[in-house]
Amino acid sequence: MENNMIPTSSDLNPKPLNQLIQRGDTSDMQLKAFICNNLGYSTLLAKMPMYDFYRMSDVANERSENGEPVTQRKLDLKHATELARYILKGLISTAIYEYTIKGKDPSEAHTRLQKMIGKQPYAALQPIVTNLRTAGINGKNLRAQQIETSEREGVGIRLWLGQRDILWVVDGQHRRKAMQIVIDFLEEIRVEQKYPAKKNTLFPHNRDDRNVPTDELTVWSECYEITRAVCSVSVEIHLGLEVLEERQLFHDLNNLAKKVETSLALEFDSSNPVNAFIKEELIEKNLIRISPGDITDWHKDDGGITRKHIVSVNAHLLLNKSNINGATPGIVQERLVIAKRFWEAVLQIPGFGEESAKAKTVAAQPVVLKALAKLTYDFAFGRFSNEQLLNKLLDRITDLDFSHDNPMWRYYQLTPEEIDLHGLNGLDIYLPDNSTGNRDPGLYEETTGWMRFGNRHNDIFPILADMIRWKINLPNRHKERETEELNNQISQQTV
């Protein structure tokens, strides 16, 4: 790298005051960095405390008052909040690690908070890519000094940045917003000594009074100090890019990378409490076999379930969602007893988990498991939770006819005469109105005798759940909804 890429200033002799005023001010920040070359362009690679990076950076995702050009997409606040929780996990882990390297035991509050927010084997943030617009081409407008060893070997530079030198984020705006959310959270706790309202908090405190106990306040204060000193952010700084170049860099960094496959991501992620339950209780105990992909030829079915489907089933079971994003130990841990009961019942269904399971029982199709999981959630944790009805459901699962020739599964293919013949009169009351959505759950194959449910699981599993409700005489969910709406109307009229 040529020495003239970034101007240096090694003259440390005293200068007249007016020259110092022209060169900088007392708010200038010193930053140590390495001079790098990224595909032919001069860049800097630096690290700085998380707090300092947030203070010195900005994002051009909307036109500011001073007319800064837009080079970023709109912020996704939900995604940034998820990243903030991830960062908070890392800060608590760092606080604990700081104690261990000093030969001390972390407090009970450290352990308690980590258990509530969740722990994982490792946590890190990838480097953030920025552009220093005021740097000029190859940093010609910057003030820098070579850092040398005692043998006069260059090991980097010392850079002076002023208030006008903003690190504009090219790749990492959600990480930066997550840092802001974490810092605001910690500052509010330190000042107010109360947790934010539950709907606004990063941390599942489960405290009605919101007061932060003294031992927990100590941990959060440690986390705050970590953001200012210990926890650093790696930053790649591009120098003096124009708007067109900055936009091109944003495009390349976000569109040329290959996204990790969902199944592989779920297999590697041990931090999510639902994923941890699946791994520790179902897979490692050999209760469930994981298949590498969907089996279309049921003669070759090994009785396994794909990872994405087993995750989705447990998401419905524990969270009433189709995915496990945002699951926290505080929510999941207390529900695992019911989850284990659910799988104990499912594993007793004849043919389930065996070779050619899909040919033996419809319960081997994930959409049926989602229906059972949804019912379990409703009676265990939903608005109409009822322990007696939950026990009835889990006790009767093995009594249900999950064979392919059960005419109930092909109700929508039957004629009125066949419905009467098979004793399915009254089932229609439990099913949704035909005008409100897809009513094609699947197709019964006369040649094979198999009932194949369709791929639109979110449309199909509620219908299957309604069929199961009818079969074992559980409450009609449509009647429950009507009753709830009527009660709400009466309450409003009373008010």
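Bear in mind that the values here come from a model prediction, so they are computed numbers and not experimental data. (Residues numbered from 1 in each chain as written. Predicted model: local features only at pLDDT ≥ 70, side-chain atom pairs only at ≥ 80, totals over all residues. Heavy atoms only, no water.)

## Some words on helix α14 (residues 366-380)
The terminal C-alpha atoms of α14, which comprises 15 residues, lie 21 Å apart, in line with the 21 Å expected from a rise of 1.5 Å per residue. Counted residue by residue, α14 has 13 buried out of 15 residues, so it is predominantly covered. (Helix = DSSP H or I, 4+ residues; strand = E, 2+ residues; numbered from the N terminus. Expected span 1.5 Å × (residues − 1). Buried < 20%, exposed > 50% of the residue type's maximum accessible area, 1.4 Å probe, protein only.)

## Considerations on the side chain of D165
In this structure, D165 sits in the loop between β6 (154-161) and β7 (167-171). Summary of buried charges: D165 has no salt-bridge partner, and the nearest side chain of opposite charge, R164, is 4.4 Å away. Only 2.6 Å separates the side chain of D165 from the side chain of T134, close enough to count as a polar contact. Ignoring anything within four residues of it in the chain, the contact list for D165 reads M56, L132, T134 and W160. (Lys, Arg positive; Asp, Glu negative; His and termini not counted. Salt bridge = Lys/Arg side-chain N within 4 Å of Asp/Glu carboxyl O. Polar contact = N/O pair within 3.5 Å; in protein donor to acceptor, adjacent residues only side chain to side chain. Contact = heavy atoms within 4.5 Å.)

## Observations regarding the pattern of salt bridges
Here the structure, examined in full by the defined rule, presents 15 salt bridges. Between R112 and E108 there is a salt bridge whose closest N-O contact spans 2.1 Å. Highlighted residues: R112 and E108, both in helix α4 (residues 108-117), separated by 4 residues, approximately one helical turn. Judged by relative accessible area, E108 falls into the exposed class, the value being 51%. Here R175 and D171 are joined by a salt bridge, their closest N and O atoms 3.2 Å apart. D171 shares its class with R175; the two are buried. Bridged by salt links that share partners, the residues E108, R112, D215 and E216 form one connected network.

## Examining the layout of surface pockets
Empty space within the largest pocket amounts to approximately 1,900 Å³. Taken together, 49 residues make up the lining of the largest pocket; nearest its centre are H79, E82, L83, D269 and N325. Elements that contribute at least two residues to the lining of the largest pocket include exactly α3 (77-101), β7, α5 (173-192), α7 (243-255), α8 (262-268) and α10 (307-319). No other element matches α3, which puts 6 residues into the lining of the largest pocket. (1 Å grid on protein atoms, 1.4 Å probe; cavity = no way out; pocket = protein on both sides within 12 Å on 5 of 7 lines; lining within 4 Å. Points joined across faces, edges and corners; volume = space filled by probe spheres on them.)

## Some thoughts on the packing of aromatic side chains
Between two aromatic rings, the relevant description is the distance of the centres plus the angle of the planes. Considering all chains together, one arrives at 11 aromatic pairs under this definition. Ring centres of F185 and W220 lie 5.5 Å apart, and the angle between their planes is 90°; on these two criteria the pair is classed as edge-to-face. On the criterion of sequence distance, the pair formed by F185 in helix α5 and W220 in helix α6 (residues 214-228) is long-range, its members being 35 residues apart. Taken as a pair, F185 and W220 share a single burial class, namely buried. Seen in terms of ring centroids, F203 and W220 are 5.2 Å apart; in terms of plane orientation they differ by 75°. Their pairing is edge-to-face. With a gap of 17 residues between them, F203 in the loop between α5 and α6 and W220 in helix α6 connect regions that are remote in the sequence. Linked through ring pairs, F185, Y195, F203 and W220 together constitute an aromatic cluster. The ring of W168 has R133 lying over it, and the distance from NZ or CZ to the ring centre is 4.4 Å. Lying across the ring of Y51, R228 places its NZ or CZ 4.1 Å from the centre. (Phe/Tyr/Trp six-rings, centres within 6.5 Å; stacked < 30°, edge-to-face > 60°. Lys NZ or Arg CZ within 6 Å of the ring centre and 35° of its normal.)

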